Amino acid sequence: MESRDMFGNVGSMVGSAMFMWAMFQNHFPQRLGDFIGRYYQKLVNFFYPYIEITFDEFTGKWGVRSEAYKDIQTYLGYKSTRQASKLKGGLVKNSRSLVLGIDDHEEVVDVFQGVQVWWISGKQNLNRKSISIYPVRGQSNDRRYYTLTFHKRHWDLISGPYLNYVLREGKALKGRNRQKKLYTNKEGEWNWVAFEHPATFETLALEPEKKEEIMEDLIAFSKNEEYYRRIGRAWKRGYLLYGPPGTGKSTLIAAMANLLNYDVYDLELTGVENNTELKMLLMEISSKSIIVIEDIDCSLDLTGQRKKAATYEDSEEEEDEKEKKGGKEKGTKTSKVTLSGLLNFIDGLWSACGGERVVVFTTNHVEKLDQALIRKGRMDKHIELSYCSFEAFKVLARNYLNVESHHLFPKISELLREVDMTPADVAEHLTTKTLMKDAGICLEGLISAIQRKTEARLKKKLSAKGAKSSRKNDRPRKGLSH
Ligand SMILES: Nc1ncnc2c1ncn2[C@@H]1O[C@H](COP(=O)(O)OP(=O)(O)OP(=O)(O)O)[C@@H](O)[C@H]1O
Ligand SMILES: [Mg+2]
């Protein structure tokens, strides 16, 4: 093994000598100072033939947490288990492994293709007293960094293949160990909780072909970094999920996150002050994530005049939905985020930082959305989630009642064709009755619920028709009013 100590001592002697030179430098003519400076560097390079690369935790003047730093941290945490004397531990939930990181000023030695390198975790107190005009978020007064040291003759190997290997391994380890997180934005920052939604594609009530198609699309996306690079597109994919309330849009997002093992960033647009804040939030989103904007039609006044026009023509169903949602559409529009800001967020230049991201919009009213927002290429896949089909019902029956077939199934199949019942409604009936433990009673309960719904609907239609015709009769006829 190589040792850097000898070089370190010689280096520091040379350093002290040159410090003296530096002290006197001001008293020498400029050209002599330059001359000495050049030879000083040569002397240091001769006695200290090592290169040091520093990776800071935060980068840029806005202090965005560096992806590279995070990957190195994970990699070193794994490597250091047997080396560093002080380790920082943290237990990842639902994972059997303890995740370790090296403590400040600890050194880890790594060997790559027979070449030795040294990593040191550093911390420097910045003693920041001044107030910055740029918001430095999530940072303490300490500057944390990792320094990689290696012999300069290995520059090509270490700066290329080795560093790529470290970042790749760090990412992979993170994927294996990590607990998925559910982020939400508040006052310009992301806060998170552990993501524990149990929905999977198996439990999702959806036609099997549709399910298959979505899963294939997601898996192809997650495995095709190279393809995206080749065609010159940012590695991201947009999904628009639309359909009535209770048809499984949010559930599908949870199933997507569980399938891909991605974090979920639930972006509340109304809580974002302006386009700049939106950009800042975007910059902090890590790769392997699903960015979700729920109810995009209600989030902001992104739909302009079209939205206002639509409110006069709300159908009977839409009125019902609004009631059900309990005023989901109220209390919005305090944000100054614009449509162009949002489009930039989805596929502007900034959106390419990080990569491996899925953007999902959900809406109950796809027809109200601005076409620019959902055009193909921006939202690559438009998926309709609709009322419960018989195929979807069978998944729910299996989930909730553990039955694959039943003599009441044909009856339910027939009824579901006649009435619009959301999977949420169906699930509700199966849930409450499950306590009785008898599938037959549950299914009969569901049948009578569907029948009640059909009758209520019929009654409502009839009374609406009656009211309309009586209004017509009451209205004074043209030409007969005098
Ligand atoms: N397709 C489905 N598969 C399985 N469960 C479903 C499905 N649709 C709805 N559910 C059940 O109904 C509940 C509500 O569904 P979910 O929140 O996903 O609907 P949504 O389409 O997002 O509704 P909204 O438009 O109101 O946000 C879920 O908790 C889930 O139990
Ligand atoms: Mg939802």
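Residues numbered from 1 in each chain as written. Chains lettered and ligands numbered in written order. Predicted model: local features only at pLDDT ≥ 70, side-chain atom pairs only at ≥ 80, totals over all residues. Heavy atoms only, no water.

Novice: Would you take a moment to explain the site of ligand 1 for this structure?
Specialist: The local shell around ligand 1 holds 17 residues, among which Ala205, Gly246, Lys249, Ser250 and Thr251 are the closest. In this structure, Thr247 approaches ligand 1 through a main-chain N or O atom, which is 3.2 Å from an oxygen atom. For ligand 1, the accessible surface in isolation is 620 Å², of which the surrounding protein chains cover 76%. The residue inventory of the shell around ligand 1, partitioned by class, reads 8 nonpolar, 7 polar and 2 charged. (Near = heavy atom within 4 Å. Polar contact = N/O pair within 3.5 Å; in protein donor to acceptor, adjacent residues only side chain to side chain. Areas by Shrake-Rupley, 256 points an atom, 1.4 Å probe, with all protein chains shown as cover. Nonpolar A, V, L, I, M, F, W, Y, C, P; charged D, E, K, R; others polar.)

Novice: Would you mind showing me how to read the pairing of strand β7 (residues 115-125) here?
Specialist: Strand residues, when the strand is regular, have side chains that alternate between the two faces of the sheet. Direction of pairing for strand β6 (residues 107-112) relative to β7: antiparallel, over a ladder of 6 bridges. Bridged to Val108 within β7 is Trp119. Counted between consecutive antiparallel strands, the loop separating β6 from β7 contains 2 residues, among which Gln113 sits at a positive phi close to 45 degrees. Pairing between β7 and strand β8 (residues 142-151): 8 bridges, direction antiparallel. What sits directly across from Trp118, in β8, is Thr149. (Pairing = 2+ DSSP bridges. Helix = DSSP H or I, 4+ residues; strand = E, 2+ residues; numbered from the N terminus.)

Novice: Help me out: how do you make sense of the side chain of Arg378 in this one?
Specialist: Checked against the element boundaries, Arg378 lands in the loop between α13 (371-374) and β15 (381-384). Residue Arg378 is classed as buried on the basis of its relative accessible area of 12%. Reaching out from Arg378, the side chain makes a polar contact with the backbone oxygen of Ala372 at a distance of 2.4 Å. Those residues in contact with Arg378 that sit more than four places away from it in its chain are Gly238, Leu343, Ile346, Asp347, Ala372 and Leu373. (Buried < 20%, exposed > 50% of the residue type's maximum accessible area, 1.4 Å probe, protein only. Contact = heavy atoms within 4.5 Å.)

Novice: In this structure, what is going on with the pattern of salt bridges? I would like to understand it.
Specialist: One side chain can pair with another of opposite charge once the charged atoms of both are near each other. One pass over the structure, following the stated rule, counts 13 salt bridges. We note a salt bridge from Glu225 to Arg229, for which the minimum N-O separation is 3.2 Å. One end of the pair is Glu225 and the other is Arg229, both in helix α6 (residues 225-231) and 4 residues apart, which spans about a single turn. The class of Glu225 is partly exposed, set by a relative accessible area of 36%. In this structure, Lys394 and Glu391 form a salt bridge, with 3.8 Å as the shortest nitrogen-oxygen distance. (Salt bridge = Lys/Arg side-chain N within 4 Å of Asp/Glu carboxyl O.)

Novice: When you look at the nonpolar core in this model, what are you seeing that I'm missing?
Specialist: Nonpolar side chains in soluble globular proteins generally cluster together in the buried interior. Membership of the largest hydrophobic core comes to 27 residues, with the highest contact counts inside it found for Tyr239 and Ile290. Listed by contribution, the elements that provide at least two residues to this core are α5 (208-223), β11 (236-242), α7 (249-260), β13 (289-293) and β14 (357-363). Look past the residues within four positions of Ile290 in its chain and what remains in contact with it is Ile253, Met256, Ala257, Tyr262, Asp263, Val264, Tyr265, Val358 and Val360. Core analysis: the next-biggest nonpolar cluster, separate from the first, contains 26 residues, Cys388, Leu443, Ile447 and Ala449 among them. (Core = buried A, V, L, I, M, F, W, Y, C linked by side-chain atoms within 4.5 Å.)

Novice: What am I meant to see in a nonpolar patch on the surface here?
Specialist: On the surface, Leu43, Phe46 and Phe47 cluster together to form a nonpolar patch covering roughly 300 Å² of accessible area. Assignment of secondary structure puts Phe46 in helix α2 (residues 30-47). (Patch = residues over 30% accessible without salt bridge, like charges linked within 9 Å, V, L, I, M, F, W, Y side chains within 5 Å.)

Novice: Hey, could you run me through the sheet that holds β7 in this one?
Specialist: Where strands meet in a sheet, backbone hydrogen bonds hold them as pairs that are either parallel or antiparallel. Read from one edge to the other, the open sheet built from 4 strands follows the order β1-β8-β7-β6, with strand pairing classed as antiparallel. Only two strands of the sheet have a single partner each, and these edge strands are β1 (50-56) and β6. Across the sheet, the axes of successive neighbouring strands diverge by a mean angle of 25 degrees, strand direction being ignored. Summarising the sheet, β1 and β8 pair through 7 bridges and their orientation is antiparallel. What sits directly across from Ile53, in β8, is Leu148. (Axes fitted to C-alpha atoms, helices over the stretch in contact; angles between N-to-C directions.)

Novice: I tried to follow the environment of Ser289 on my own but got confused; where do I start?
Specialist: In this structure, Ser289 sits in strand β13. Sequence spacing of Ser289 and Gly355 is 66 residues, and the spatial spacing of their C-alpha atoms is 9.0 Å. Setting aside its immediate chain neighbours within four residues, Ser289 contacts Tyr262, Asp263, Tyr265, Glu356, Arg357 and Val358.

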